[in-house]
Every structure is written in structure tokens, then in C-alpha cells.
Amino acid sequence: MNAYMNQYQQTQVTTASPERILIMLYEGAIRFTGRARLAIEDGDPACKRESISRAVAIVSYLSDTLDHNAGWDGSEELDGLYAFMIRELTQANLKNDVKALGMVEKLLSELRDTWLEAINKVHAEKHQEEKTPPAQTEKIEKGKLPANYRPLSLSL
């Protein structure tokens, strides 16, 4: 059964769009952070260490793959937020700090939700552009016909 699950997950990643992979990374980091919080509460140090290590690896990957040359001013702030989360995860590991894990989990969830909104907005705009034919997008001013206007009798 585990082999089938691994194959399924492998297929999910290899066929996913870059946007979906980003969301999957956030969801993984959220899941591991939550798992670490529960491990501290249950007194399971091995699970805590492994879960925090995986969350740190994902957040580090998100930070490392930021494109600072994409023309978006927020990349520096986002990089700083990732660095903050890594520090908090590290401290949570050392001090068994459930509160810090909860804060990181909340930040990751908010970032995931923000990215989801942005992705959905871009997809909706793209879908709207594809749905609207070019002739309908030309501005028609009162009393003035568009340049590509052809009376029905001339079109035949």
C-alpha cells in the first residue's frame, strides 16, 4: 500500500503546475509544523525533530527559490519572513515551544491562502480574456463604429 501511495504522490508532483507545486509546498510545511506541535504535546521528541526538520527544509526551499529579479518588491520581505520562520522553528525544536510552532503554522496558512487568491485571480482573468473575442474588446464610442465593423450584407 505504501508503494502505491508513493507512486501517487510522485505522479501528483511531476504532473502539477508550478502554482500547484507552490501550494503543495505550503501545505506540506503547514502539515509538518502541526505534526511537530502535536508531537511536543504527546511527548514524542523523534517525531518533533523529524517534523520540524521537514518544515525547515520546505521553508528553506521556498526561500531559496525566490526570484529577486522578477520585478516584485515584496520578495525581500517574503525572504525575511521565511528567515524568521526558520529561526522560530529552530527555537521551537530547542525549547519545545508550541506557541512558536502555532505562530509559524498561522503564517504559513496565511501565505498559502494569499497565494491561492492570487493564483485564482490570475486564472479567472486569463479565462475571461480567452472567453472574450478580440472584436468585443474594442472600445465603441457613442456615434462611432469600430474600425473592423462590416455590415452583414458586405460580409457575405
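Look up a bit, the structure's there.
Computed from a predicted model, the values in this text were never measured in an experiment. (Residues numbered from 1 in each chain as written. Predicted model: local features only at pLDDT ≥ 70, side-chain atom pairs only at ≥ 80, totals over all residues. Heavy atoms only, no water.)

(A) Quick peek at the nonpolar core. Core analysis: the largest hydrophobic core is formed by 26 residues, its most contacted members being Tyr82, Met85, Leu89 and Leu108. For this core, the elements supplying multiple residues, two or more each, are α2 (18-42), α3 (45-64), α4 (75-95) and α5 (98-131). Broken down by element, the residue count for this core peaks at eight residues, all from α2. (Core = buried A, V, L, I, M, F, W, Y, C linked by side-chain atoms within 4.5 Å. Buried < 20%, exposed > 50% of the residue type's maximum accessible area, 1.4 Å probe, protein only. Helix = DSSP H or I, 4+ residues; strand = E, 2+ residues; numbered from the N terminus.)

(B) Structural view of the side chain of Thr33. Relative to the helices and strands, Thr33 resides in helix α2. Using a relative accessible area of 0% as the deciding quantity, one classes Thr33 as buried. A polar side-chain atom of Thr33 sits 2.7 Å from the main-chain carbonyl oxygen of Ala29. In this structure Thr33 touches Ala55, Leu89, Leu101, Val104, Glu105 and Leu108, once residues within four positions along its chain are discounted. (Polar contact = N/O pair within 3.5 Å; in protein donor to acceptor, adjacent residues only side chain to side chain. Contact = heavy atoms within 4.5 Å.)

(C) Looking closely at the pattern of salt bridges. Tallied over the full model, the rule gives five salt bridges. Linking Asp113 and Arg112 is a salt bridge whose minimum nitrogen-to-oxygen distance equals 3.1 Å. On the basis of relative accessibility, which here comes to 34%, the residue Asp113 falls in the partly exposed class. (Salt bridge = Lys/Arg side-chain N within 4 Å of Asp/Glu carboxyl O.)

(D) Structural detail: α2. Taking 1.5 Å per residue, 25 residues should reach 36 Å; α2 reaches 36 Å between its end C-alpha atoms and fits that length. Gly43 lies just past α2 and shows a positive phi near 70°. (Expected span 1.5 Å × (residues − 1).)

(E) Looking closely at the packing of α3 against α4. Following both chains from N to C, one finds α3 and α4 inclined at 170°, their axes separated by 9 Å at the closest point. Our classification of the angle between α3 and α4 gives roughly antiparallel. In this structure, α3 contributes Lys48, Arg49, Ile52, Ala55, Val56, Val59, Ser60, Leu62 and Ser63 to the contact, and α4 contributes Asp79, Tyr82, Met85, Ile86, Leu89, Ala92 and Asn93. Residues belonging to the contact of α3 with α4 are distributed by class as follows: 10 nonpolar, three polar and three charged. (Axes fitted to C-alpha atoms, helices over the stretch in contact; angles between N-to-C directions. Parallel < 35°, antiparallel > 145°, perpendicular 65-115°, else oblique. Nonpolar A, V, L, I, M, F, W, Y, C, P; charged D, E, K, R; others polar.)

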